[in-house]
Amino acid sequence: MVGTQGFQSSIGSKLVTISIMNNKNNLDHAHRDIELIYMIKGNLHVKVNNEILHLNNSDFILINSNEFHSFQSEKDSLFVIIHFNYSELSSLLGQKNLLFTCNSIEHASPYDQDLRYVIEELLTIYMKKNNDVLVEFLEKALKLISKLKINYLKNRNLEIANSPGKNQNERLTDIIDFIQSNYREPITLEEVARLHYISVPYLSKIFKKQTGKNFSQYLSEIRLAYAVNELENSDKPITRIALDNGFPYLAAFNRVFYEYYHLKPVEYRKKMTKLAKNTEEDTAELRYQEENQALFELGRYLSSTTTNRNQTAIETLDMVESQVVRIKNTEAFIKYWSKLINIGYAKDILNSDLQEQITILQNEIGFTYARFWGLFGDDMHIEDRSDGMIRYNFSNTNKLLDFLIKNNFKPFIELGPKPKIISKTLDEIYIIQTISDKSLEEWKNLTKAFLLHSIERYGFEEVESWYFEIWSEHIDPFTDETQDGNNSTKSIKYQEPSQFEEYFKIFTGFKTIINDIVPSAKVGGCGLSMELEGDKLELLLKQWKSEKLQPDFLSVYLYPIEIEKEEKRIPIKNLQSANPNYISNKLTQIRKSMKKSGYEDLELNVTEWNISPVNRDFLHDSCFKATYMVKNIIENLSQNKVNMVGYWLCSDIFSDFRDAKNLLHGGAGLLTKSGIKKPSYHAFALLKQLGEILVAKGDNYLVTKKSGERYQVLCFNYKHFNYSYYLHPEGSTGIHEQYEIFENNDPVNLSLEIQGIANGKYRIKELRLNRDQGSILDEWLKFGAVVEMKPDEVEYLKQICVPYMKVEYESVENNSIVLNGRLQPHEVRLYELSLLLGGM
């Protein structure tokens, strides 16, 4: 290596390393790692497999594994080299033979500018020179790898499988690896051909074709590259260097060396030694100055490109063309998201604070069914066994059901011994209440008594409209219970359930009793959780199909959790799915499994759904949660024949516990324990305003209609997580960093032209839900995130945590109206257009 040395940042990983090069030259060499060169300023001449390319500012080229290359820079040049560890990258991408076509000079691509942005994001983190930002460094590095994979990686596995000589590329890669590992040994073309079971002429031909060099030339250059490194950086005798690096004798080394350097090795060493002595005193200071100058130049470059990029983004947003929505082929739809809400554990519902919140929720939003469990829990005091007999006291169940029916709820009761569970993390949960063990016969007797009592109290027609979901621990993923004082904690082990038969027995027992007393009541189950998918789900359904009694509905829980991560080589700690379309994809998979199992027409109910079952994650309190809900609800509108989805959960009162003393504790509720409405609550309130006629649906908007000339436009700016989020345990992001874990923070310009509406004067109401209007998390942060809140302070937050609202009037003369709006990240916005009577 000749010229000024490059330097590496203290930030790095086994997967990716970065070096800054200023005025650096390098001789022909090859290595296993993949190398990406990115030009900052000046000019660089890069030779790859005997082809010379000229790089200028912002040009880049990727050099594949074992490709011979060299580069020569002109004065005042600055460039960056990013090395990707081949083994780590191959494992991460799941492809053995990696080959990229990534060259902004010869193979310009529409994806090149996007790749530049990602490279510059990575370099910006690199500039911090601080191990504290290792997570961000890995996040940007993985984002870069993702872009390379999607837009520049050739599927060599597919190419090889579909080509006549399908093992040629694999063999050559193995041969080059063999040379790299054994260059010190006296290997020959004949030996390599024999070891890889191919003929000498064939090996010679493909080697020349693929590398541009014959076998002996390639081997000599590999040996020379390692020998020169030792010549510069060690005091070993030249003869020993030659022999240690595979040259059979000194004369052979001298000959090859002279061909490349036009110097003898001894002359080269003297020259380099003299240069080192002359600069020894100044080397450290010079290196320090050069490094600072290089970093300064790199920082200035990144600053200018960021400014230009932001300006371009603003100009692009301002130039967005209107999307046209035509009022023509409309269709009715069911608001499936407002049919069910989870209100929690039965005993909690007797709490007056929770009842007050449920009443507010029902009056302002309105749900059809209220789902709860623990109705027969020990704390409901139903069973009296004092004299050896079992007598039933339904006083507390009466209070609960009276409250629900008074507030126009239909009960959706989960039956079985399910305890109250608070998930602190995915791996740590609290079991707050339990239900005593009962035999199946005792459960059946209790259920029968309850149903007869309910019919007597509420009437047959009321009870037959209820839903009953049969839960069983034999399908539940939670195992490994340990005691913690008066409570239990459990760890989660995800394993294939093998107790289906036991569940079917329990289900049959419950359903037989319910059908005998109220035949029209819906009985189903079993709350399938996220690890039951694919073959496991189909196995369960096929076995269920052979049972005598069939379910009236299939119930599933949908939390975007990916379980099997062991095969990945990167340190993923967060099990949140990286797939922004997890919910819709999962529902499609479930419907396919139902069809294969003979349940194509069975009612499908998502009885629990949320971004996470964890009740200690401040994402639940953020504006992100509102866009997550709206996005998924709109995406799945009229899709996959979903009857209802039950949001988890009504209130943070459910998860109030000894570690939840703050105003916000990351609970999954729509309201805080103090009754402050969260962005998720407001999202439901905005969704309620939608009409029942679907006009149009787009990537970030929905247009509906009510009777008459009344239209609703709901739009949102959803942002998915960035890569660094998955390197942290779920829920571990601090309250001040909740908006630093997303792919970007770009606004979205909305421009919708609605054509085909009646002419006249319209009243346009606009409601905005974003970080500035309606966000309890942001308002609490502005308030200082005070731990001890006084009643008047809580009341103040209740009053200000509401969406922004304004009303305007506009006249329509050509049956068309244009709505323009700039949506902040994580913003949901609703426009309501109503034609005023009397026209103009």
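Details of the structure are given in the entry above.
Cut-offs and rules
Residues numbered from 1 in each chain as written. Predicted model: local features only at pLDDT ≥ 70, side-chain atom pairs only at ≥ 80, totals over all residues. Heavy atoms only, no water. Helix = DSSP H or I, 4+ residues; strand = E, 2+ residues; numbered from the N terminus. Buried < 20%, exposed > 50% of the residue type's maximum accessible area, 1.4 Å probe, protein only. Contact = heavy atoms within 4.5 Å. Areas by Shrake-Rupley, 256 points an atom, 1.4 Å probe, with all protein chains shown as cover. Salt bridge = Lys/Arg side-chain N within 4 Å of Asp/Glu carboxyl O. Phe/Tyr/Trp six-rings, centres within 6.5 Å; stacked < 30°, edge-to-face > 60°. Lys NZ or Arg CZ within 6 Å of the ring centre and 35° of its normal. Axes fitted to C-alpha atoms, helices over the stretch in contact; angles between N-to-C directions. Parallel < 35°, antiparallel > 145°, perpendicular 65-115°, else oblique. Left-handed = near helix turned anticlockwise from the far one by under 90°. Nonpolar A, V, L, I, M, F, W, Y, C, P; charged D, E, K, R; others polar. Expected span 1.5 Å × (residues − 1).

Draft legend 1. Examining the overall build of the protein chain more closely. A tally of regular secondary structure across the protein chain gives 24 helices and 36 strands. Here the protein chain holds 840 residues, and the buried ones make up 52% of them. Counted over contacts in the protein chain with a minimum sequence separation of 6, partners at least 24 positions apart contribute 76%. A total accessible area of about 37,200 Å² is found for the protein chain, and carbon and sulfur atoms account for 48% of it.

Draft legend 2. Representation of the pattern of salt bridges in the model. In this structure the tally under the stated criterion is 38 salt bridges. Note that Lys 806 and Glu 808 form a salt bridge whose closest N and O atoms lie 3.4 Å from each other. Each of Glu 766, Arg 768, Lys 806, Glu 808, Glu 827 and Arg 829 takes part in a single network of salt bridges with overlapping partners.

Draft legend 3. Spatial organisation of the packing of aromatic side chains. Evaluation of the coordinates by the stated rule reveals 42 aromatic pairs. Here the aromatic rings of Trp 373 and Phe 654 are separated by 6.0 Å at their centres, their planes lie at 65°, and the arrangement is edge-to-face. Linking Trp 373 in strand E16 (residues 369-373) with Phe 654 in the loop between strand E28 (642-647) and helix H22 (679-688), this pair joins segments that are 281 residues apart in sequence. The exposure class assigned to Trp 373 is buried, which follows from its relative accessible area of 1%. Sitting over the ring of Tyr 599, Lys 545 keeps its end group 4.7 Å from the ring centre.

Draft legend 4. Structural detail: the environment of Ile 431. Mapped onto the elements, Ile 431 comes out in strand E21 (residues 428-433). Linking Ile 431 and Ile 421, residues 10 residues apart in sequence, is a C-alpha distance of 4.7 Å.

Draft legend 5. Structural detail: the packing of helix H15 (residues 395-406) against helix H16 (residues 440-458). For the pair H15 and H16, the least separation of the axes is 12 Å and the interaxial angle reads 45°. Between H15 and H16, the interaxial angle falls into the category oblique. Considering only the axes of H15 and H16, their crossing is right-handed. Contact residues: H15 offers Thr 397, Asn 398, Leu 401, Asp 402 and Ile 405, while H16 offers Phe 450, His 453, Ser 454, Arg 457 and Tyr 458. Residue composition of the contact of H15 with H16, by class: four nonpolar, four polar and two charged.

Draft legend 6. Inspection of helix H20 (residues 582-596) at higher detail. Between the first and last C-alpha of H20 there are 21 Å, a value that for 15 residues agrees with the 21 Å anticipated at 1.5 Å per step. Burial in H20 covers these residues: Tyr 582, Ile 583, Ser 584, Lys 586, Leu 587, Ile 590, Arg 591, Ser 593 and Met 594. Just beyond H20, the residue with positive phi is Gly 598, at close to 90°.

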